[in-house]
Amino acid sequence: MTLVRGLWKLLVGVKDALVLLAMLIFFSLLFVALSVKPNSVTPTSGALVVDLSGSLVEQPADADPLSLLSGNAGVAREHRLRDVERSLETAAISNNVKAIVLDLDAFTGGSQAAVAAAAAAVDKARAAGKPVLAYATGYSDDGYQLASHATEIWLNPLGAVLLTGPGGEHLYYKGLLDKLGVTTKIYRVGEFKSAVEPYIRSDQSPAARAANQALADALWASWRSNVLAARPKAQLADYIAHPDAVALAAHGNMANAALKAKLVDHLGDRNAFNARVASLAGDADGGGINKYRAIPLDRWAASHPEKTGGSPIGVLTIAGTIVDGKAPAGTAGGETISGLLLDELARNRIKALVVRVDSPGGSVMASEQIRSAIMQAKARNLPVVVSMGGVAASGGYWVSTPADKIFADPATVTGSIGVFGIIPTFQGSLAKLGLTADGVKTTPLSGEPDVLRGTSPQFDIMLQASIEDIYARFTTLVSQSRKLPIARVRQIAEGRVWAASSAKQLGLVDAYGSVDDAIAEAAKMAKVDPAGATPLYIEKQPSAWKQMVKSFFTPDRSADDPSARDPWSRIAAKPDQLLLRALADARSILGGPAIQVRCLECESNVPPATPRDISIEQSLLAWLAH
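Residues numbered from 1 in each chain as written. Predicted model: local features only at pLDDT ≥ 70, side-chain atom pairs only at ≥ 80, totals over all residues. Heavy atoms only, no water.

### Here's the deal with the sheet that holds strand 3 (residues 78-80)
Pairing in this open sheet of three strands is parallel, and the strands run 3-2-5 from one edge to the other. Where the open sheet ends on each side, the last strands, each with one partner, are strand 3 and strand 5 (107-110). The sheet shows a mean angle of 25° between the axes of neighbouring strands, direction not considered. Bridge count between strand 2 (residues 54-57) and strand 3: three bridges; the pairing is parallel. By the bridge assignment, Val 57 is partnered in strand 3 with Arg 80. Sheet strands touched by helix 3 (residues 81-92): strand 2 and strand 3. Its angle to strand 3, the strand with the most contacts, is close to 60°. (Pairing = 2+ DSSP bridges. Helix = DSSP H or I, 4+ residues; strand = E, 2+ residues; numbered from the N terminus. Axes fitted to C-alpha atoms, helices over the stretch in contact; angles between N-to-C directions. Contact = heavy atoms within 4.5 Å.)

Have a look at this one:
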């Protein structure tokens, strides 16, 4: 009978494998069929439609195909920044592209630095003589920053331009934890390491408030400078400073208010906008009312791939939270990233290394693992240049310390040179339930950390000493890398977060510049002609299977997409997103490594909430309310 059962299991396994293989073949053929057919009707000339429905990111998250197939994962569209930049730059020199459309109707934003980089690509297209037209039902900070660089800004007559600036509320958990009887043991170094404050305070400390206000002011100044440089006639100051007076003067018609303040050029609905684009790019081949010849962004990007050949300059991307072990794209796995770099170094192809960092940090061990791999590049006498994206703080700065030179955008969030650990204990919670805990020990560390009775003094001393040791290592790395006295590093460290506009003055950043500037600098250091240098991206390519499934199940924006277009609805959704971020932060800290170099104050790196995420949190709130 055992033999029969084993044979039966084997046959069932073979059957399941054949079914899976048949499904893969079927979906592959279907994918090919659907991919080929639309391309045959894509206009060879017309308007390049940069539809940024979703968010603009350094590296899109690698969605789980099985979750996508089962419908158990919320999907938010993410656009890779360098694809958008490349598409705009190639469109600028193409005779087939008659105009560029920035469709920002469902743009949920990106880091301020990422938006500025995309805006710079728009400027290049305009300088080449391409008309750039932006459209949205409503503009908020990120969308308007990008739209301000367009030749024409269109706004729906029922829409508005609502500019709120950085800042906002944070959730503090101390009152809830006290009611639950949870004791939060905090171990940290750095007066400004305020990531742990929500667990031990009910408001910001004076030091954290001062630092956060300075950061917000610096980012807002950078935003205003960027927008006013692109649109000098816009009456931004009064529009931002006195929104109530602006609304009353316009009798509540915010679209007219934006037009009067020269924030937008035209008021018109989608039909009027499409007619304007058609006058520049031509009517659609299939006819129809107010339809123009449109070249989709993804098709254009696919037909204009990244350059190859020349002298390769390696570009290593570190995007998302830094975690131990392996991780998919969009999260910086220490083992994954270090492995990719070491494999590339073994090939002896690259002439220099550019490290593109867009991370708030995370695990100490993973950060050090990545830094160690970068040091292997330096050991091979390869120049190392860091290019900072939206955020390169805490562990994101740790991995930047091997750099010979650091480039950043003025709106990059960096610094946060501090270390913390957090352990919740539940002796108070047990007491509320009438429960107690007891046991025996063979050493002072038996059963530690004791989350039932509270950690021991010996354990607390050891963990605090370890954190102080890591902080000393961190500041020493910065001191050696930036050639600053250790005393000076400790003055500007203490966990404080800086905008790059301030960090450059402090010596934490060398220059403002894009990733292209970093590649050119790395080429010069390697004695390679920058004109002949080609970026070689050191990253794991998604499998054909994952690409196929994602293409099927990642939603495209369409006319019946229910996501909010007007800025009022987006503002109304902010409480849900705030709660989502707070819960994600709490889960991240409590579920992460015991010791972390992480910056939770760096909100620019937090992705927008998906509709499914928000519904989950609403369900959780409803459950708690009972």
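### With respect to the pattern of salt bridges
One pass over the structure, following the stated rule, counts 25 salt bridges. The partner of Glu 539 in a salt bridge is Arg 82, with the nearest N and O atoms 2.6 Å apart. Taken together, the residues Glu 539 in the loop between strand 22 (533-538) and helix 22 (544-553) and Arg 82 in helix 3 connect sequence positions 457 residues apart. For Asp 469, the salt bridge identified is with Arg 473, shortest N-O distance 2.9 Å. With Asp 469 and Arg 473 both in helix 18 (residues 457-482) and four residues apart, this pair spans about one turn of that helix. Taking relative accessible area as the criterion, Arg 473 reaches 51% and is therefore assigned exposed. Each of Arg 80, Arg 82, Asp 83, Arg 86, Glu 306 and Glu 539 takes part in salt bridges that share partners, so that together they form one network. (Salt bridge = Lys/Arg side-chain N within 4 Å of Asp/Glu carboxyl O. Buried < 20%, exposed > 50% of the residue type's maximum accessible area, 1.4 Å probe, protein only.)

### A closer look at the layout of surface pockets
Counted as a void, the second largest pocket has a volume near 690 Å³. Every residue lining the second largest pocket is counted, 25 residues in all, and those nearest its centre are Glu 89, Lys 307, Asp 516, Pro 535 and Tyr 537. Only helix 3, strand 11 (311-319), helix 21 (515-525) and strand 22 provide two or more residues apiece to the lining of the second largest pocket. Broken down by element, the lining of the second largest pocket gets its largest block of residues, six residues, from helix 3. (1 Å grid on protein atoms, 1.4 Å probe; cavity = no way out; pocket = protein on both sides within 12 Å on 5 of 7 lines; lining within 4 Å. Points joined across faces, edges and corners; volume = space filled by probe spheres on them.)

### Concerning the environment of Thr 401
Topologically, Thr 401 is positioned in the loop between helix 16 (395-398) and strand 17 (405-408). Taking the C-alpha atoms as reference, Thr 401 lies 8.8 Å from Val 386; in sequence the two are 15 residues apart. The residues contacting Thr 401, other than those within four sequence positions of it, are Arg 371, Leu 477, Val 478 and Ser 481.

### A few points about the sheet that holds strand 6 (residues 132-139)
The sheet built from six strands is open, its strands ordered 9-7-6-4-1-10 with parallel pairing. Only two strands of the sheet have a single partner each, and these edge strands are strand 9 (266-267) and strand 10 (294-296). Relative to strand 6, strand 4 (residues 97-103) runs parallel, the two being bridged by four bridges. In the strand pairing of strand 6, Asp 103 is matched with Tyr 135. Its contacts with the sheet put helix 3 on strand 1 (46-51) and strand 4, and the angle it makes with strand 1 is roughly 165°. On top of the sheet, helix 12 (residues 270-281) reaches strand 1, strand 4, strand 6 and strand 7 (152-161); it is set at about 175° to strand 6, its chief contact.

### Some points on the pairing of strand 17
Side-chain direction in a regular strand flips from residue to residue, so the side chains alternate between the two faces of the sheet. When strand 16 (residues 384-393) meets strand 17, the two strands line up parallel, connected through three bridges. The partner of Val 385 across the bridge, within strand 17, is Lys 405. Relative to strand 21 (residues 511-512), strand 17 is paired through two bridges, and the arrangement is parallel. For Phe 407, the partnering residue across the bridge sits in strand 21 and is Ala 511.

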